[in-house]
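Each chain, written out:
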Amino acid sequence: MKRQIVFATNNIHKLNELRAVVGNSLSILSLADINCNDDIPETGSTLEENSMIKARWVREKYGYDCIADDTGLEVEALDGAPGVYSARYAPGNGHDSQANMNLLLLNMKDKKNRKARFRTVITLLGETSGCHVVEGIVEGMISDEPRGTNGFGYDPVFIPDESSEHLSFAQMDSDAKNAISHRGRATRALLSLLKNM
Ligand code: IMP
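Because the structure is predicted, anything quoted here is derived from the model rather than measured.

S.K.: Please provide a residue-by-residue account of helix 5 (residues 182-195), values included.
M.R.: Helix length check: helix 5, at 14 residues, gives a terminal C-alpha distance of 20 Å against a target of 20 Å (1.5 Å per residue), a fit within 8%. Burial in helix 5 covers these residues: H182, R183, G184, A186, T187, L190, L191 and L194.

S.K.: Talk me through the site of the ligand; I want residue IDs and the actual numbers.
M.R.: The local shell around the ligand holds 13 residues, among which K14, T71, D155, K177 and R183 are the closest. The backbone of Y154 places a nitrogen or oxygen atom 3.1 Å from a nitrogen atom of the ligand. Considered on its own, the ligand offers 470 Å² of accessible surface; in the complex 88% of this is hidden by protein. When contributions to the shell around the ligand are tallied by element, the ones reaching two or more residues are strand 3 (66-75) and helix 5. Residue classes in the shell around the ligand are distributed as four nonpolar, four polar and five charged.

S.K.: Run through the nonpolar core, naming residues and quoting values.
M.R.: Core analysis: the largest hydrophobic core is formed by 18 residues, its most contacted members being L73, V75, L104, I142 and F158. A total of three residues in this core trace back to one element, the largest contributor, which is helix 3 (residues 97-107). Excluding its chain neighbours within four sequence positions, the residues that come into contact with V75 are G80, A81, P82, L104, M108, K115, A116 and I142. Of all hydrophobic cores here, the second largest spans 15 residues; its members include L15, L18, I67 and L191.

S.K.: How would you explain the packing of helix 1 (residues 12-22) against helix 5 if you had to name every residue and give the values?
M.R.: In contact at an axis separation of 10 Å, helix 1 and helix 5 are set at 45 degrees when each is read in the N-to-C sense. Between helix 1 and helix 5, the crossing angle belongs to the class labelled oblique. As for how helix 1 packs across helix 5, the hand of that crossing is right-handed. Facing helix 1, whose interface residues are K14, E17, L18, V21 and V22, helix 5 presents R183, G184, T187, L190, L191 and L194. Along the lines of polarity and charge, the residues of the contact of helix 1 with helix 5 split into six nonpolar, two polar and three charged.

Basis of the calculations
- Residues numbered from 1 in each chain as written.
- Predicted model: local features only at pLDDT ≥ 70, side-chain atom pairs only at ≥ 80, totals over all residues.
- Heavy atoms only, no water.
- Helix = DSSP H or I, 4+ residues; strand = E, 2+ residues; numbered from the N terminus.
- Expected span 1.5 Å × (residues − 1).
- Buried < 20%, exposed > 50% of the residue type's maximum accessible area, 1.4 Å probe, protein only.
- Near = heavy atom within 4 Å.
- Polar contact = N/O pair within 3.5 Å; in protein donor to acceptor, adjacent residues only side chain to side chain.
- Areas by Shrake-Rupley, 256 points an atom, 1.4 Å probe, with all protein chains shown as cover.
- Nonpolar A, V, L, I, M, F, W, Y, C, P; charged D, E, K, R; others polar.
- Core = buried A, V, L, I, M, F, W, Y, C linked by side-chain atoms within 4.5 Å.
- Contact = heavy atoms within 4.5 Å.
- Axes fitted to C-alpha atoms, helices over the stretch in contact; angles between N-to-C directions.
- Parallel < 35°, antiparallel > 145°, perpendicular 65-115°, else oblique.
- Left-handed = near helix turned anticlockwise from the far one by under 90°.

Next comes the structure, spelled out in structure tokens:
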């Protein structure tokens, strides 16, 4: 039987991305696949802590080997904010991408330094493999206004340095984004780790 690993998410985009990268070598299960409907607390103050909390939750409560991720947008002129709070940057119930992006643009209004990076941390916690942490980073700039309609979250205002045409993530197709993105890089680092286990 194929080795089963839970990816601590129900985000279908993230699941498909990881399944595409690992191919047939592993069976990647979602939280729904193991009947986990828990609202797993993300109470850490770093991306590393949050991904560890999620991986440990699944490993300890459900007994599965687990992969968990956390991502943040770190803006230099804002001392690394929104960072670990990227999903809940704007006041309210959180997870409102439009409100988060509007607040970011407002806070960046008079800033000359537009440097920013996306960082994804992935923790793997397995019975035999132990604990491993990988990360993926993409450096870029915050634009003055949103551009493009693809992707999600802060994509319309993030222009990766590696885009020679200065396109935002939201102006790229998913293959072009995955080739250089924080999550693409972290996922490939995870895959090479899994291959050597
Ligand atoms: P999560 O850890 O993947 O849930 O990401 C936290 C927040 O970062 C999300 O709510 C998004 O707003 C933002 N985010 C994560 N990945 C991306 C991305 O690839 N593009 C744009 N925004 C992202």
